[in-house]
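Geometric and topological summary
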Amino acid sequence: MAQDVSFSVRNNNGDPMQVSAWRFDGNGRGPTVHLQAGVHADEIAGMLVLHLLMHKLEIAQALGRLNGSVTVVPQANPLGIGQFRQGRILGRFHDATGHNFNRGFDQSAAMAQPSTNVQEWQKKLVQLAAPADVMLDLHTDDEALPYLYVHRRFWPRGRELAAAMKMDVAIIWDDGGDGSFEETIIAPWLRDGVTEQRMAATLELRGQGDVSDRIAEQDAEGLYVWLCGCGVIDEVQVPADWPVEAMEMGHMETILAPQPGVLIFEKQLGDFVEEGQRFARILRRPGDPSSEVVLVAEQAGRMVTRYRDRLVPQGMVVAKFTGSRVSRNWSGGLLDPN
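Residues numbered from 1 in each chain as written. Predicted model: local features only at pLDDT ≥ 70, side-chain atom pairs only at ≥ 80, totals over all residues. Heavy atoms only, no water.

**Some words on the pattern of salt bridges**
Applying the stated criterion across every chain, the model contains 22 salt bridges. Asp174 is the salt-bridge partner of Arg152, the closest N and O atoms lying 2.7 Å from each other. With Arg152 in the loop between β11 (147-151) and α5 (158-164) and Asp174 in the loop between β12 (169-173) and α6 (181-192), this residue pair connects regions lying 22 residues apart in the sequence. The class of Arg152 is partly exposed, set by a relative accessible area of 33%. The partly exposed category is assigned to Asp174, whose relative accessible area is 36%. We note a salt bridge from Arg285 to Asp288, for which the minimum N-O separation is 2.8 Å. With relative accessibility at 43%, the residue Arg285 sits in the partly exposed group. (Salt bridge = Lys/Arg side-chain N within 4 Å of Asp/Glu carboxyl O. Helix = DSSP H or I, 4+ residues; strand = E, 2+ residues; numbered from the N terminus. Buried < 20%, exposed > 50% of the residue type's maximum accessible area, 1.4 Å probe, protein only.)

**A closer look at the sheet that holds β11**
On the basis of which strands lie adjacent, the open sheet formed by nine strands has the order β1-β4-β6-β5-β9-β13-β11-β12-β14 and mixed pairing. Since the sheet does not close on itself, it has two edges, and those belong to β1 (3-4) and β14 (245-248), each with one partner. The pairing of β11 with β12 spans five bridges and is classified as parallel. Bridging from a neighbouring strand, Tyr149 pairs with Ile171 of β12. Relative to strand β5 (residues 32-37), helix α4 (residues 117-129) is tilted by about 145 degrees, and along the sheet it contacts β4 (22-24), β5 and β6 (69-73). Against the sheet, α6 makes contact with β5, β9 (134-141), β11, β12 and β13 (199-207), and its axis sits at roughly 160 degrees relative to β13, the strand it touches most. (Pairing = 2+ DSSP bridges. Contact = heavy atoms within 4.5 Å. Axes fitted to C-alpha atoms, helices over the stretch in contact; angles between N-to-C directions.)

**Some points on the sheet that holds strand β18 (residues 278-283)**
The strand order β19-β18-β16-β21 describes an open sheet built from four strands, whose pairing is antiparallel. In the strand order of this sheet, the two ends are held by β19 (292-296) and β21 (311-312), each with one partner. The pairing of strand β16 (residues 261-265) with β21 spans two bridges and is antiparallel. Bridging from a neighbouring strand, Val262 pairs with Leu311 of β21.

**Comments concerning the UniProt feature "domain: Succinylglutamate desuccinylase/Aspartoacylase catalytic" (unreviewed entry) in the protein chain**
Mapped onto the present numbering, the UniProt feature "domain: Succinylglutamate desuccinylase/Aspartoacylase catalytic" (unreviewed entry) falls at residues 30-223. Helix makes up 37% of residues 30-223 and strand 23%, and the two end C-alpha atoms of the span are 16 Å apart. (UniProt positions renumbered as here; feature names shortened; annotations may be inferred.)

**Digging into the packing of aromatic side chains**
For the structure shown, the criterion picks out six aromatic pairs. Where Tyr149 meets Trp173, the ring centres are 6.0 Å apart and the plane angle is 15 degrees; that geometry is what we call stacked. A residue pair is termed long-range when its members are at least 10 positions apart, and Tyr149 in strand β11 and Trp173 in strand β12 qualify at 24 residues. According to the relative accessible area criterion, Tyr149 is buried, its value standing at 16%. Cluster of aromatic residues (ring-pair linked, three or more members): Phe101, Phe105, Trp121 and Phe181. (Phe/Tyr/Trp six-rings, centres within 6.5 Å; stacked < 30°, edge-to-face > 60°.)

**Some points on the domain arrangement of the protein chain**
Looking at the assigned domains, one finds that the protein chain contains domain 1 (3-247) and domain 2 (252-321). Computed from C-alpha coordinates alone, the two centres of domain 1 and domain 2 are separated by 30 Å. Each partner contributes to the interface: domain 1 provides 13 residues, whereas domain 2 provides 13 residues. The tally of links between domain 1 and domain 2 comes to five salt bridges. The salt bridge partner of Arg306 is Glu143, with a shortest N-O separation of 3.0 Å. Our enumeration of links across domain 1 and domain 2 arrives at eight residue pairs in polar contact (both at pLDDT 80 or more). Elements represented by at least two residues in the side of domain 1 that touches domain 2 include exactly β10 (143-144), β12 and β14. Of the residues that constitute the side of domain 1 that touches domain 2, the class distribution is six nonpolar, one polar and six charged. (Domains from an automatic or database assignment. Polar contact = N/O pair within 3.5 Å; in protein donor to acceptor, adjacent residues only side chain to side chain. Nonpolar A, V, L, I, M, F, W, Y, C, P; charged D, E, K, R; others polar.)

Here you go:
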C-alpha cells in the first residue's frame, strides 16, 4: 500500500490546505524517485498521467517487483488550482503576488521562515523531493510537440527517457538562474559532483488542451517502462525506439508577436520551415489589409510550440522552432523568462 506523505500549506486567507502525495516503498534495492505534476496549475496533462501511473505502481508493489521508492505528487499546486477568473484557470502565476509558481524555489528553500504562502509551499515541496535520486517534473506548453528539458549533465542518458515518452525534441540547458524546481533540486548534485547515478528533467507533455485517457495512458506506460529500465521496477520491458532531436537551448528560435491582433498560423506543429519562410501572420485591424504582418522563420527548423489562443497580444511568444545555429536573439539564461 502507498504511504500518505501529504503536507499542508496556507491559502491566501491563512487557512490550511493540503498537497496530496503518496509514497510507494519497495525492497530498497532501487533508486528513490520523485514524480510531480501541476507546479503550473493550468498544465493539467501530467496530473492524469500520474493518476494512471499510480495504479501501475500499486500492482508492481503488490507483486513484489518494486525495488525503489517512488513518491508521486499528482497535483502539486493547490494555490494555483483554485485561481479561476471568468471561467478560466490562471495557474502560472500566484494571483495575489504575481509570483511565477516555478521561479524562486531556491530562495524559498533557503529561508528559515518563509515570508509568504507561496514560499512556504515551495520550501515544503523541495523538502519532499530533496532525498530523491531521480526527479521528473511534468509540465505542458501552450500547443506543442512533446519535448524534454534537461541539464547537460544528464545527457545523453536523458535520450532514453525522451524515447520512452516518444518525445520529438530534447532541449539541453546549462545555466538557468531562475530557481525553477528542477534547477533547485539538482543544484546540490552539481555542486557535489554526484550526478552519475542520478537523473532530473522537466517533461513538457504537449499542449494544455492535450488531456485524454488515450494520450495519458501512453505517457504513463512510457514512464513505467523507463522506471523499469532504471531499476526502480523489477520487470523486463522493451524500450521504445524513437528518434529524438537533441537541441542546444541557445539554438531554439523564439518568435514574438510584433503587434497585437488575430493570429493565423500557416504551418502546423512539427512542420519544417526554411529560413525566411512564412509560417503565420497577424491581422491587427480586420478589414484593413495594410494592418497584416507576416511572420517568417529566423532559420531552418521545426515548429515545436505555438501560441494557444488566436488573438495574440504584442510581445507574446507566437512560436518556437529548432535551429542549427545560435539564435541571434539568444543572450543566455531561460527559454521562457516569464
